[in-house]
Protein chains: 2
Amino acid sequence: MVQPHAIGRLSLYRRLLTDHLNPGTQFVFSHELATMARVSPAQVRRDLMHLDSTGSPSKGYRVDELVASLGNELDHPTGQLVALVGIGNLGRALMTYFQGRRERLAITAAFDRDPEKVNRVYQGCRCHHVEELETVLKRDNIRTTILAVPAADAQRMADRLVAAGVRGLLNYAPVPLRVPNDVYVEEQDMTTALERVAYFARERRPPRRED
Amino acid sequence: MVQPHAIGRLSLYRRLLTDHLNPGTQFVFSHELATMARVSPAQVRRDLMHLDSTGSPSKGYRVDELVASLGNELDHPTGQLVALVGIGNLGRALMTYFQGRRERLAITAAFDRDPEKVNRVYQGCRCHHVEELETVLKRDNIRTTILAVPAADAQRMADRLVAAGVRGLLNYAPVPLRVPNDVYVEEQDMTTALERVAYFARERRPPRRED
DNA sequence: GTAGCGCTGTGAGGCGATTCACAGTATCGC
DNA sequence: GCGATACTGTGAATCGCCTCACAGCGCTAC
Ligand SMILES: NC(=O)c1ccc[n+]([C@@H]2O[C@H](COP(=O)([O-])OP(=O)(O)OC[C@H]3O[C@@H](n4cnc5c(N)ncnc54)[C@H](O)[C@@H]3O)[C@@H](O)[C@H]2O)c1
Ligand SMILES: NC(=O)c1ccc[n+]([C@@H]2O[C@H](COP(=O)([O-])OP(=O)(O)OC[C@H]3O[C@@H](n4cnc5c(N)ncnc54)[C@H](O)[C@@H]3O)[C@@H](O)[C@H]2O)c1
């Protein structure tokens, strides 16, 4: 019913409301959120339709109520732990970036196989040897993982993660993963992204709506 | 005519053919590429339809010919230069990752405003002060840029880049950019990506095709 | 009190992307 | 040589997401 794109926008709306609104703003209209998110007002209203928070004509949506509803939809009620596998250049950047950003979505387990990194602490999170993967994931009941290992190891690591109970994977390795279809994978393929940008920086009409 | 998703897949096909095929393989079938790319065979054939390389029944597509055609479609004939703005944790990871990966798509200009970083060399690429942005971009005729500055600076920097002639932007700052609509922007929003993965790791049926 | 305005919530329709399904064809076995 | 086979290329059908458009309504002005 609620599809990936819509969930992504809900996440964006929340961030815009909490981080990029004049502090003290009590109400927003769909067209204001739409402008910030670069989508149409109708899109915003449709996305918010299923939430329990409802807008009023003439005032719009109560910001605090909306943020709460969004949290309700997006966050695990008591908090959800995330594992990060591969503490290389990208892994460390991600660790720095995500840490402390959301109360209910924190990286609490890191893994690598490089002895240099094992047992070092990154952003308050100790790096385990990758052999402890299964133990730690099961102990902490972790179902969400960021994968930042080299391409050659990605599929094997994904298999282990899935076997250990992981149901959501954010994959930075530039190879599409094969997983059972009750596991959600999001491919974050930066090479593709850059090549696409390069392509459209040159060729043809760029595919975007007027405004 | 050729849409962003299709271009993204072409980029992926090429990478799969060059990096993940048994060396020596001379032909591939659409269903083989499809399996590697995690898409349907019909999708592969449709994507390749417009290329000048054509498949043969009973043999499939010639790999070398296909790779050449893909390069033909995706690459700038004589090479395309890319700028990277913001040499922080993420910027440095990206620099390391992209450098030397494609002959015709290389990061050749880096910018930051931190005096610590200016004039240091990262992956063979000297970091300029951001005030030299316009000069360098125009001198090298750069139209493709990766943006990895803090959210607060992203829009302003995007405006400067567009004014300096940039027509394609890969944005890592977690704020959607407002640009004229002859400029192509790709938002790489990692927070959204992680929150979406977390969401689908919990809730409902995951949205994927059988196989 | 009531008219007017401008917004929300949403059914219906439209549109782009994907899949279906098959005609056309190169190859193989005999 | 010729039938069987399995693939490509592609028109047509389908699907899912997004936008249109408007009924319903709360607020404001007077
Ligand atoms: N750096 C980037 O900006 C960037 C961009 C796009 C994609 N990627 C992809 O992300 C992945 C990581 O990139 P990176 O730049 O951080 O590489 P990196 O080489 O710096 O880091 C890889 C890390 O993974 C660890 N590792 C290797 N095999 C492992 C295994 N089997 N189990 C656990 N840990 C293992 C290594 O010890 C290392 O710490 C790669 O697949 C890369 O292609 C990176
Ligand atoms: N680190 C990550 O993994 C990650 C993940 C997702 C998104 N991001 C986003 O990417 C961006 C960069 O992240 P980071 O972790 O590298 O941050 P960072 O603070 O490490 O680096 C930012 C860099 O930009 C430079 N900078 C700041 N203002 C500038 C300006 N006006 N002109 C030129 N350079 C300027 C700073 O000197 C610094 O070197 C941020 O917007 C961040 O939200 C980062």
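Residues numbered from 1 in each chain as written. Chains lettered and ligands numbered in written order. Predicted model: local features only at pLDDT ≥ 70, side-chain atom pairs only at ≥ 80, totals over all residues. Heavy atoms only, no water.

Participant: What is the right way to read the sheet that holds strand β5 (residues 121-122) of chain B from this model?
Facilitator: Within a sheet, each strand pairs with its neighbour through backbone hydrogen bonds, oriented either parallel or antiparallel. Residues and elements named next belong to chain B. Across the sheet, which stays open at both edges, the seven strands sit in the order β5-β6-β4-β3-β7-β8-β9 with mixed pairing between neighbours. The open sheet terminates on both sides in strands that have one partner only, identified here as β5 and β9 (184-187). For strand β8 (residues 168-171) and β9, the ladder comprises four bridges, and the chain directions are parallel. Directly across from L170, in β9, lies its bridge partner E186. Contacts from helix α6 (residues 133-140) reach β3 (80-85), β4 (105-112) and β6 (125-129) within the one sheet, and its direction differs from that of β4 by about 165°. (Pairing = 2+ DSSP bridges. Helix = DSSP H or I, 4+ residues; strand = E, 2+ residues; numbered from the N terminus. Contact = heavy atoms within 4.5 Å. Axes fitted to C-alpha atoms, helices over the stretch in contact; angles between N-to-C directions.)

Participant: Could you clarify how one ought to interpret the domain arrangement of chain A in this entry?
Facilitator: Accessible area lost on assembly of the parts is the figure often given for the size of an interface. For chain A, the assigned domains are domain 1 (4-73) and domain 2 (80-192). Its C-alpha centre places domain 1 of chain A at a distance of 30 Å from the equivalent point of domain 2 of chain A. (Domains from an automatic or database assignment.)

Participant: Mind showing me how you'd approach the site of ligand 2 here?
Facilitator: Neighbouring ligand 2 are 23 residues, the closest being B:N89, B:L90, B:D112, B:K117 and B:V149. Positioned at a junction of chains, ligand 2 has nearby residues supplied by chains A and B. B:L90 has a polar backbone atom sitting 2.9 Å from an oxygen atom of ligand 2. One of the side-chain N or O atoms of B:D112 is found 2.4 Å from an oxygen atom in ligand 2. Isolated, ligand 2 exposes 820 Å² of accessible area, and the fraction of that covered by the protein chains is 86%. The set of elements that each furnish at least two residues to the shell around ligand 2 consists of α5 (89-98) of chain A together with α5 (89-98) and α7 (151-163) of chain B. Residue composition of the shell around ligand 2, grouped by class: 15 nonpolar, three polar and five charged. (Near = heavy atom within 4 Å. Polar contact = N/O pair within 3.5 Å; in protein donor to acceptor, adjacent residues only side chain to side chain. Areas by Shrake-Rupley, 256 points an atom, 1.4 Å probe, with all protein chains shown as cover. Nonpolar A, V, L, I, M, F, W, Y, C, P; charged D, E, K, R; others polar.)

Participant: Could you clarify how one ought to interpret the protein's contact with DNA strand C in this entry?
Facilitator: In the vicinity of DNA strand C there are 23 residues, among which A:S30, A:R46, A:T54, A:G55 and A:Y61 approach most closely. Within the side chain of A:T54, an N or O atom sits 2.6 Å from a phosphate oxygen of DNA strand C. B:S40 has a polar side-chain atom sitting 2.8 Å from a phosphate oxygen of DNA strand C. Counting only elements with at least two residues in the surface near DNA strand C, the list comes to α2 (30-37) and α3 (41-49) of chain A together with α1 (4-19) and α3 (41-49) of chain B.

Participant: Honestly, the protein's contact with DNA strand D in this entry has me stumped. Any pointers?
Facilitator: Near DNA strand D lie 22 residues; those nearest to it are B:S30, B:R46, B:T54, B:G55 and B:Y61. Sugar and phosphate atoms form 61% of the subset of DNA strand D atoms that lie within 4 Å of the protein. Side-chain polar atom of B:S30 to a phosphate oxygen of DNA strand D: 2.6 Å apart, as the coordinates give it. Take B:G55: an N or O atom from its main chain is 2.7 Å from a phosphate oxygen of DNA strand D. Residue assignment for the surface near DNA strand D shows that the elements contributing at least two residues are α1 (4-19) and α3 of chain A together with α2 (30-37) and α3 of chain B. Classifying every residue of the surface near DNA strand D gives five nonpolar, 11 polar and six charged.

Participant: Just checking my understanding: could you explain the site of ligand 1 for this structure?
Facilitator: The environment of ligand 1 is made up of 23 residues, and the closest members are A:N89, A:L90, A:D112, A:K117 and A:V149. Taken together, the residues near ligand 1 originate from chains A and B. Measuring from an oxygen atom of ligand 1, one finds a side-chain N or O atom of A:D112 at 2.4 Å. In this structure, B:L94 approaches ligand 1 through a main-chain N or O atom, which is 3.4 Å from an oxygen atom. When ligand 1 is considered free in solution it has 810 Å² of accessible area, and contact with the protein chains removes 86% of it.

Participant: How should I be thinking about the packing of α1(A) against α2(A) in this particular structure?
Facilitator: In a packed pair of helices, the relevant descriptors are the angle between the two axes and the axis-to-axis distance. Residue and element names in this part refer to chain A. Axis separation between α1 and α2 bottoms out at 10 Å; the angle between their running directions is 100°. As the angle between them shows, α1 and α2 are arranged roughly perpendicular. Taken together, the residues of α2 that come into contact with α1 (itself represented by L12, Y13, L16 and L17) are L33, M36 and A37. Across the contact of α1 with α2, the residue classes break down as seven nonpolar, no polar and no charged. (Parallel < 35°, antiparallel > 145°, perpendicular 65-115°, else oblique.)

Participant: How should the relation of the copies chain A and chain B be read in this particular structure?
Facilitator: In summary, the two copies of the chain are related to each other by a rotation about an axis coupled with a shift along it. Rotating chain A by 180° about the axis while translating it 0.0 Å along that axis superimposes it on chain B, leaving an RMSD of 0.0 Å. Seen this way, the second copy is the image of the first under a two-fold rotation axis. Both copies share a contact surface, since 99% of the interface residues of chain A are interface residues in chain B too. (Least-squares fit on C-alpha atoms with pLDDT ≥ 70 in both.)

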